[in-house]
Each structure stands twice: as C-alpha cells, then as structure tokens.
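# Structural characterization, general
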Amino acid sequence: MTQPRLQIPVNPTALSDCPALARRADVGRVLVKVESGRPFGNFKILGGMTAALRALSRITRTPVAQLPTHRDLPRLICASDGNHGLAVAAAAKIAGAPATIYLHHGVPRSRADRIIALGASVYWIAGTYDHAVDAAIEAARVDGILVPDTSSDVNDPIVRDVMSGYATMTNEIAVQLAESAIAVSHQFIQAGVGGLAAAMAQGLPKAKLAIVEPENAACVAPALAAGRVVRIDSSLHTCAEMLACGEASAPALAIFQRHNPLPVLVSEAGLLQAAEIMRQEADIHTTPSGSAGLAGLLQVARRGDLSELSGLDRSSTVLLVATEAHPDAFCRDVVIELEAACRFAAGFFPQMGA
C-alpha cells in the first residue's frame, strides 16, 4: 500500500510561549514566532515569492493564476544569502519563468543546491552579499526582472511588495495575540537589510522595537545614526549568515525613522549561544540568524543601561522571531515544499486581488 505523502501546512506558524527564555532574560514573558513551519522552512517565502509573482503579473499584464499559461515569461533575477533566492526560484517554478540567483561565495553550497533543485540558475560572485546585489542589478538591466529585497530607492515597488508580504506574519501575530489576550511590550527583531524589522515595526507599532544586528555586519545602526543609507566596508563575516549585509534598505530605513528603534549589536559568541539556548530551553531548532533576536534580548537584559533605555523589566512581554529552520533539522523534499508553496500562493493572491 502506498504511503500518503507528507503535507506541509500553510496555516499560520506557531507563536510559542517560552517561559524558560523569559526566566533567563528576567522578563515577564517571551513569545517566539517560529517560521520553520513555512514552505521552504523560513519566512522569506512571504516576501520573495509573492513579490516575484506580482512583478511578473504586473509586467506581463497577466493574472497570477494565468502566468503558467503565458509564453516566454521574463527572467526573474535577484541577489541572496540563500533564502530570498529560494523564494524567488519557487515563484519562477510556479509561474514557468526562468530565474537567475546571484550568490556570494560565503553562501553555503547546501543553500545553493536547494535553489538549483527548483530549476533556477546560480551565479557565484566574489565578495559579499552587497557585491551580489550589484551584480544582480547589472544583469537585470540587460535581461529580466529584478526582484530585490533591498533598494536605494525609498519607493521601490518590488521591495515594498516584499515587505507587504512579510505583513502576513504580523497579521497572524496580531490575531494570535488577540486570541490569547496578550499585549506585547517589546520586540527584538534581527536585521540584514532591515525589511523584516520594518514590517514588524509597521505591523506591531505599539511594541517597542529593538533592531538586532551582528557586530561584524551591522548596516542598519550606522544608517540610523547617519540618517541615510551607508555601505559598510568590511568582510561582513558572521555566523549569522543571513544577516551578513553591508547596506540597509532605503524603504526599511524610512520606516525605522518613524519608529525610533533601539539598535542592538551582538557578538559572534552571543549569536552562537542564543541558538543553543533556543534549542535547549525552547526546543526551537534554528540558526544564529534565526535566534539573533534572542541574542539581542539577552544582551540588553544583562546591561542595566540598555534595559533602562529600552524600558525592559519583569513586567515586559517580548516578541522574537525564529526566522528559519536549522539545516540539520530541515530535510524535507523540494517537491513537497513546492506543493506547499503553490497552496500558499493560491490562498494568498485572492486576498490581494491579483
């Protein structure tokens, strides 16, 4: 008898109450939005896939549902540390479009293999994520649609679509909080280019925002200090690979400037420790990128000056986002993942009127 195929749910991801983390941080409550339950095991599907499909629909003047019947769709192009590229590759596979993903040499081969398994081409770029961004921009000028998650243009429509896709998560959180009659006082959100943190600031404006970045790859904090996007000239080497970005997104920065966030920079040791604590004390298996918010919370909790500045105390309810599954805990088949992504798209686009 044939075994039924595993189905990956496309329902809202879990919002976990983690009392052990709250005790460690000496706060009232810690809630963790666990994004490993998304198709492809991370939150980027919300932004990258939906923005890519909307871009194809807009440029070809074809409804999203009819894209697979459209001949000669333009190529989708993006730069990525891995997860955004996977989401764009999934959009291309669903629509029947070609895709090229630009990765820098710091991206693990395992992440590239998942993108290739979806039929996308991968171009390797020397340097950092920002060099891959530059290469993708140049390529899209010749052939294709650029699907960035960052831009120097504060009004970039595709980056805005990416962040509006992330709002799916904040909408889920708002409903989950209302059902539990819980109010969040603080949110510690990791930032690469800043898109997720900006979406969280907009979606949950009553919760004080702390933006957490690796010390070795912090681009949002300098941009906030300068009042403009600046490029960080460093190797960006960090164990939080998904946060290794040297230039903040202008659309995200514009949102931050309206919300007065607290920048928090964390060490490599703190990032590694947070991933282990999240695994041991909350049974959430993620990476240093995924647990960076916890690293920031623990750092602020240990420093009285930062706690006072943030208003963090034993009555606080803190929200974190575990943005991706740990690779060792993630062994789902790409075909099954794609089926889940298709179901997600089918449910998402009617709401958008696309």
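Residues numbered from 1 in each chain as written. Predicted model: local features only at pLDDT ≥ 70, side-chain atom pairs only at ≥ 80, totals over all residues. Heavy atoms only, no water.

By the element assignment, Thr238 lies in the loop between helix 8 (220-226) and helix 9 (250-256). Given the relative accessible area of 7%, Thr238 is considered buried. Within the structure, Thr238 has its side chain in polar contact with the side chain of Glu268 (distance 2.8 Å). Here Thr238 is in contact with Pro214, Ala217, Ala244, Glu268 and Leu271, once residues within four sequence places are set aside. (Helix = DSSP H or I, 4+ residues; strand = E, 2+ residues; numbered from the N terminus. Buried < 20%, exposed > 50% of the residue type's maximum accessible area, 1.4 Å probe, protein only. Polar contact = N/O pair within 3.5 Å; in protein donor to acceptor, adjacent residues only side chain to side chain. Contact = heavy atoms within 4.5 Å.)

What follows concerns the packing of aromatic side chains. Per the counting criterion, the structure on display carries two aromatic pairs. Considering the side-chain rings of Tyr102 and Tyr123, the 5.3 Å spacing of their centres and the 35° angle between planes classify their relative orientation as tilted. Residue Tyr102 is located in strand 4 (residues 99-104), and its partner Tyr123 is located in strand 5 (residues 121-125); the two are separated by 21 residues in the primary sequence. (Phe/Tyr/Trp six-rings, centres within 6.5 Å; stacked < 30°, edge-to-face > 60°.)

Across its 14 residues, helix 5 (residues 129-142) extends 21 Å between first and last C-alpha, which sits within 8% of the 20 Å expected from 1.5 Å per residue. Buried within helix 5 we find Tyr129, Asp130, Ala132, Val133, Ala135, Ala136, Ala139 and Ala140. Next to the buried residues of helix 5 lie strand 3 (76-80), strand 4, strand 5 and strand 6 (145-146). Immediately beyond the C-terminal end of helix 5, within one or two residues, lies Gly144, with a positive phi of roughly 125°. (Expected span 1.5 Å × (residues − 1).)

Counting buried residues in strand 3 gives five out of five residues, a clear majority hidden from the surface. As paired elements, strand 3 and strand 4 share five bridges and run parallel to each other. Within strand 4, the residue paired with Ala79 across the bridge is Tyr102. Following the backbone out of strand 3, through helix 3 (residues 83-95) and into the adjacent parallel strand 4, one traces a crossover that is right-handed. In this sheet, strand 6 lies alongside strand 3 in parallel orientation, the contact comprising two bridges. Directly across from Ile77, in strand 6, lies its bridge partner Leu146. (Pairing = 2+ DSSP bridges. Right-handed = clockwise from strand over helix to strand, strands pointing away.)

Here we come to the side chain of Lys44. Looking at where Lys44 falls in the secondary structure, it is placed in helix 2 (residues 44-60). Each residue touching Lys44, except ones within four places of it in the same chain, is listed here: Met49, Asn83, His84, Ala87, Asp149 and Tyr166.

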